[in-house]
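Commentary on secondary and tertiary structure
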Amino acid sequence: MRYVRLILFVLIVLVVMAVPLALVLARSYFLAPTAQPVKAQPIQFPHSVHVQAVGLDCTYCHRNATTSAQATLPPLELCMQCHKIIPTQGRPELEKLVAAFQQGQPILWNKVHQLPDHTHFVHSVHLSFGFQCSTCHGDVGAMGKPGVKQVRDLRMGDCITCHQQNGARTDCSVCHY
């Protein structure tokens, strides 16, 4: 009887300790950015057409990537430089783009790549050290419909590992506010 109580106590302690661990593991798996489905966008933008068929470089549209922290999305005026001469008939996604431009309405894209809170990522620094956009974003140029998906975790462990492998600073102030 004395051992039964001890075994029961140990089992209870193990269960109590296992619950938080299971919750953390479940959170890491199910809420991981890479486990999230592709976010619906107001326009199904075909990166594959623009990159593979037309041959545009990422920085043609994301022009601030080489000079600032944010890569930024292109203004509609940039899109319309080409799309004003491309017929929209039978292309509902292109019709949405032209309609937004004509109405002066912004396209409210949903952010795809999620970073942890209180962190910042400076695109220009990474590009100036020779990293390709695909290092963090994956082969976006090959991503057709339904759209772009986050392919790297981009959480602290992922960033620190990359920084260590490439001899970059790893002190807190590099990424955290």
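Residues numbered from 1 in each chain as written. Predicted model: local features only at pLDDT ≥ 70, side-chain atom pairs only at ≥ 80, totals over all residues. Heavy atoms only, no water.

A few points about the state of the cysteines
Basically, it comes down to this: Our working definition of a disulfide is a cysteine sulfur pair at a distance within 2.5 Å. Only protein chains enter the area calculation, which uses a 1.4 Å probe; residues under 20% of their type maximum are buried, those over 50% are exposed, and those in between are partly exposed.
Applying the stated criterion to the full structure yields zero disulfides. A disulfide-free cysteine, Cys-61 has its sulfur positioned 6.4 Å from the sulfur of Cys-79, the nearest such atom. The class of Cys-61 is buried, set by a relative accessible area of 17%.

Considering the layout of surface pockets
Heads up, the condition is: In this analysis a 1.4 Å probe is tested at points of a 1 Å grid over the protein atoms alone, and where it fits but cannot get out there is a cavity; an open set with protein on both sides within 12 Å along at least five of seven lines is a pocket; lining residues have an atom within 4 Å of a point. Grid points are joined across faces, edges and corners, and a volume is the space filled by probe spheres set on the points. For this classification, the nonpolar set comprises Ala, Val, Leu, Ile, Met, Phe, Trp, Tyr, Cys and Pro, the charged set comprises Asp, Glu, Lys and Arg, and every other residue, Gly included, is treated as polar.
In this model, the second largest pocket occupies a volume close to 280 Å³. What lines the second largest pocket is a set of 15 residues, and nearest its centre among them are Leu-31, Pro-33, Gln-36, Gln-114 and Gln-150. Partitioned by chemical class, the residues of the lining of the second largest pocket number eight nonpolar, three polar and four charged.

Points about the domain arrangement of the chain
Rule in force here: Domain ranges listed in this record stem from an automatic or a database domain assignment.
Segmenting the chain into domains produces domain 1 (1–32) and domain 2 (39–73 + 109–174). Just the C-alpha atoms count here: the centres of domain 1 and domain 2 sit 39 Å apart.

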